[in-house]
Amino acid sequence: MFSEQRRMLGGIDHRLLVIFMIFILSSVAYGTIFTHPFIDYDDRAVITDRIDTYDGINTENITNIILQDFPREEPLILRDLSYLVNAELFGPLNPFGYLLGNFLLHLVVCYLVYLLCLKLFPGRYYLAILSTILFCLHPIHAESVAWISSRKESLSAVFYLLAVIQYMSSLKAYKKSHLVLSLLFFLCALLSKIGAISFLITIVFYRAIVEREKPVTFVESCYGIIVILTTLAYTKWYTGVLNAWGVLNKNIVTFNRDWIAWFLSNCEYFTFYWLKFLFPLEQSTYYDFPAAPLIYSDMSYLVFSLIFIALYCLTIFFLLKKRQSSLAFIFTFCICTLLPYMGLTQIRIYVADRYAYLASIGFCIIAAYSIFAIHDKLPFIKRFKDHFLVIFIVCVSTFLCLKTVNATGNWSSTVAFWQNAIKIAPNTPATYSGLMKHYKIMYKYLEDRNAANGYLLLAESVGENGIKRLCPNLNNCATTISDLTDSMASVKWSLNKSEEAEYYFKATLFAAPNYFQSRYEYSLFLIQEKRYAEALIQIELIENIGIPYSYNGMLKEIKEKLRPMAEAGLAQTTKQKFEQ
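Since the model is a prediction, treat every value here as computed from it, not as a measurement.

Chemist: Any chance you could break down the overall build of the chain for me, citing the residues and the numbers?
Modeler: Helix and strand counts for the chain stand at 25 helices and zero strands. Looking at the chain residue by residue over its 580 residues, the buried ones come to 52%. A sequence separation of at least 24 residues applies to 72% of the contacts in the chain between residues at least 6 apart. Roughly 27,600 Å² of accessible area belongs to the chain as shown, and the carbon and sulfur atoms make up 63% of that amount.

Chemist: Describe in detail the pattern of salt bridges, supporting the description with residues and values.
Modeler: Taken as a whole, this structure holds 15 salt bridges when the rule is applied. When the shortest N-O distance is used, the salt bridge between Asp-40 and Arg-44 registers 3.4 Å. The class of Arg-44 is partly exposed, set by a relative accessible area of 25%. As a salt-bridge pair, Arg-207 and Glu-220 come within 2.6 Å of each other at their nearest N and O atoms.

Chemist: Please set out the side chain of Arg-354 residue by residue, giving values where relevant.
Modeler: Note that Arg-354 resides in the loop between helix 15 (325–338) and helix 16 (359–377). Contacts of Arg-354, omitting those with residues within four sequence positions, involve Tyr-41, Glu-143, Ser-144, Trp-147, Ser-150, Glu-153, Thr-285 and Ile-349.

Chemist: Quick rundown of the environment of Val-28? Include the residues and the values.
Modeler: Relative to the helices and strands, Val-28 resides in helix 2 (residues 14–30). Beyond its immediate stretch of four places on either side in the chain, Val-28 contacts Cys-401 and Val-405.

Chemist: Kindly report on unusual backbone geometry, identifying the contributing residues and their values.
Modeler: Cis peptide bonds are those with omega within 30 degrees of zero, and the linkage from Phe-289 to Pro-290 qualifies with 5 degrees. One non-glycine residue, Arg-323, lies in positive phi territory at about 60 degrees. Counting through the fold element by element, Arg-323 comes out in the loop between helix 14 (299–321) and helix 15. Using a relative accessible area of 62% as the deciding quantity, one classes Arg-323 as exposed. Even without being a glycine, Asn-496 presents a positive backbone phi close to 65 degrees. Along the polypeptide, Asn-496 turns up in the loop between helix 21 (482–494) and helix 22 (498–511).

Chemist: Now, about empty space enclosed by the protein: what can you tell me, with residues and values included?
Modeler: Summed over the entire model, instances satisfying the criterion amount to three cavities of 30 Å³ or more. Looking at the largest cavity, its volume works out to about 100 Å³. In terms of lining, the largest cavity is formed by 13 residues, of which the most central are Glu-153, Ser-156, Lys-193, Tyr-341 and Leu-358. In terms of residues, the lining of the largest cavity owes the most to one element, helix 9 (residues 151–173), which gives four residues.

Chemist: So what about the nonpolar core? Which residues, and what values?
Modeler: Residues Phe-199, Phe-270, Trp-274, Phe-329 and Ile-361 are the most contacted members of the largest nonpolar core, which totals 171 residues. Residue contributions to this core peak at 15 residues, all from helix 6 (residues 95–120). Sequence-distant contacts of Trp-274, that is, excluding residues within four places in its chain, are made with Phe-308, Tyr-312, Cys-334, Phe-363 and Ile-366.

Chemist: So, a nonpolar patch on the surface: which residues are in play, and what are the values?
Modeler: Taken together, Ile-57, Val-85, Leu-89, Phe-90 and Phe-96 make up a surface patch of nonpolar side chains, about 440 Å² in accessible area. Examining the composition of the nonpolar patch, we find that three residues originate from one element, helix 5 (residues 77–90), more than from any other. Here Leu-89 shows up in helix 5. Accessibility expressed as a relative area gives 61% for Leu-89, which makes it exposed.

Chemist: Which residues make up the packing of aromatic side chains, and what are the values?
Modeler: Overall, the coordinates contain 51 aromatic pairs when judged by the stated rule. Relative to Tyr-312, the ring of Trp-274 has its centre 5.5 Å away and its plane inclined at 75 degrees; by these criteria the two rings are edge-to-face. Of the two residues, Trp-274 sits in helix 13 (residues 259–278) while Tyr-312 sits in helix 14, which places them 38 residues apart along the sequence. Across the pair, exposure class does not vary: Trp-274 and Tyr-312 are buried alike. Among the aromatic residues, those joined into a ring-pair cluster are Phe-270, Trp-274, Phe-277, Phe-308, Tyr-312, Phe-331 and Phe-363.

Chemist: Outline the side chain of Ser-82, supporting the account with residue identities and numerical values.
Modeler: Topologically, Ser-82 is positioned in helix 5. A residue is classified by how much of its surface remains accessible, and Ser-82, at 17% relative accessible area, is buried. Among the polar contacts listed, one links the side chain of Ser-82 to the backbone oxygen of Arg-79, at a separation of 2.5 Å. Not counting the four nearest positions on each side in its chain, Ser-82 is found in contact with Arg-151 and Leu-155.

Chemist: So what about the packing of helix 4 (residues 59–68) against helix 5? Which residues, and what values?
Modeler: Contact pair helix 4 / helix 5: the axes reach a minimum separation of 9 Å and the direction vectors enclose 155 degrees. When the axes of helix 4 and helix 5 are compared, the pair comes out roughly antiparallel. Crossing of helix 4 over helix 5 shows right-handed handedness. Contact with helix 4, carried on its side by Asn-61, Ile-62, Ile-65 and Ile-66, involves Ile-77, Asp-80, Leu-81 and Leu-84 of helix 5 and no other residues of that element.

Chemist: Please set out the packing of helix 2 against helix 7 (residues 125–137) residue by residue, giving values where relevant.
Modeler: Where helix 2 meets helix 7, the axes come as close as 9 Å, and the angle between the chain directions of the two elements is 20 degrees. Here helix 7 runs roughly parallel to helix 2, going by the angle between their axes. For the element pair helix 2 and helix 7, the recorded crossing hand is right-handed. On helix 7, the residues that touch His-14, Val-18, Met-21, Ile-22, Leu-25, Ser-26, Ala-29 and Tyr-30 of helix 2 are Tyr-125, Ile-129, Thr-132, Ile-133, Cys-136 and Leu-137. Classifying every residue of the contact of helix 2 with helix 7 by side-chain character gives 11 nonpolar, three polar and no charged.

About the thresholds
Residues numbered from 1 in each chain as written. Predicted model: local features only at pLDDT ≥ 70, side-chain atom pairs only at ≥ 80, totals over all residues. Heavy atoms only, no water. Helix = DSSP H or I, 4+ residues; strand = E, 2+ residues; numbered from the N terminus. Buried < 20%, exposed > 50% of the residue type's maximum accessible area, 1.4 Å probe, protein only. Contact = heavy atoms within 4.5 Å. Areas by Shrake-Rupley, 256 points an atom, 1.4 Å probe, with all protein chains shown as cover. Salt bridge = Lys/Arg side-chain N within 4 Å of Asp/Glu carboxyl O. 1 Å grid on protein atoms, 1.4 Å probe; cavity = no way out; pocket = protein on both sides within 12 Å on 5 of 7 lines; lining within 4 Å. Points joined across faces, edges and corners; volume = space filled by probe spheres on them. Core = buried A, V, L, I, M, F, W, Y, C linked by side-chain atoms within 4.5 Å. Patch = residues over 30% accessible without salt bridge, like charges linked within 9 Å, V, L, I, M, F, W, Y side chains within 5 Å. Phe/Tyr/Trp six-rings, centres within 6.5 Å; stacked < 30°, edge-to-face > 60°. Polar contact = N/O pair within 3.5 Å; in protein donor to acceptor, adjacent residues only side chain to side chain. Axes fitted to C-alpha atoms, helices over the stretch in contact; angles between N-to-C directions. Parallel < 35°, antiparallel > 145°, perpendicular 65-115°, else oblique. Left-handed = near helix turned anticlockwise from the far one by under 90°. Nonpolar A, V, L, I, M, F, W, Y, C, P; charged D, E, K, R; others polar.

Structural data, given as structure tokens:
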């Protein structure tokens, strides 16, 4: 059928048409992002505070990226090397270059979705095209495209899909070169993001479901062993890096857990993502629910999740029974690609749009397949059915495009980002403290002191609103609110409200005694107040709870200078008491 279309279009290759379509649709959906600035949500830690790393493509910078400098303690070597290329072409402080890179990577992933669909469903060109349209425009990808620091999602997805496609090709052509390329792309995916560890289970399911009748060759066995060893070796290295930076005290994959709670919470996570796929109404980096500590808080959602998972598994079983192996594999693909985010890797947020970037491929193919299946069964005359299908696809595409444009607007500025996060997740302390920290940074760098003090007052107002909502009585606050009270203490300190600042410092340390950053700032506050003995006590407590790698030398220097001052202060106090 498609060959006839090619002749009607003057023999233009269908791949060129798909690439053109992807470019046009993506430009409409994401055309506004190129004027966006850096967002003070990892962009500072990953890029703008590391300009020396991106000041040129040279041996020193490349060595630094590969072996030494891991922003946010996360070794994402290929992502950082791609930033280095952006900085060389457009300048290290030009957000346009980084966003253009994200945009182009998304185009590549869209095209690979098209190729993957044709690999699974040969000759189903319209199915592949519709799957690509849905993936291209789905608003759940706004975070991965419009946020500079989320490049790891699309970059890893490019190599992940290439590795899967090359593995599929190897089973068709029995060429060793396909397996070699698959291994190379898999390694690149790992070096782009730790989530690529799911590749192993993905190809196992593909082999067991789609190609189960083919015998396993010796070369393929060697390939499988290398994938396993690479996954384990990379996980160990990645864990070692996090341990060296003091942010991880256990292995990434741990079996010491409450497995019932783990299963139930992950049922809720998986259901959440599918609801976001089906109803992408509000997009945010933070969501109040679901979350592991709230596993039994909403029994209706938990029951709904269990029913959904049961139906999902029954669907896979039914498809296998009907020998629709490719479609069954796509259902399992969604599970496989979400597994790393189900408590198997070191993440601090339970659910986030960016985690579903790869998994959404499966949903888009399933959705496209379902649309065509329903179309084929509609009891109308053929011509009307075709018109109805076209109108439906146009309406869905328009809706998704509008939602994506709206979602990218949340990344138009740091203030817009945090205000949207507070709107979507008003019970998450990090949303309030994030906006407060941004206002504090504006205060720090503005030369106009009146305007700078205005930002401090804005930060104070945000903090008061957050604390009033989440913990009116600071004597009974949960540990999770400690970052908010710590931010409030810092703001009060900057406003020269010393008594209130100390009140919030103490409330923070009461809720979270091992919170390094707050105890460190409290010690600096005490030094400024010339309470050197108390500051020295705080420094010694910090040493007992553990010092992050980057602070080690600094704290030793502070302690050496502080000790004689503290002793002199104690001696003076003793003398005054004796005289009295």
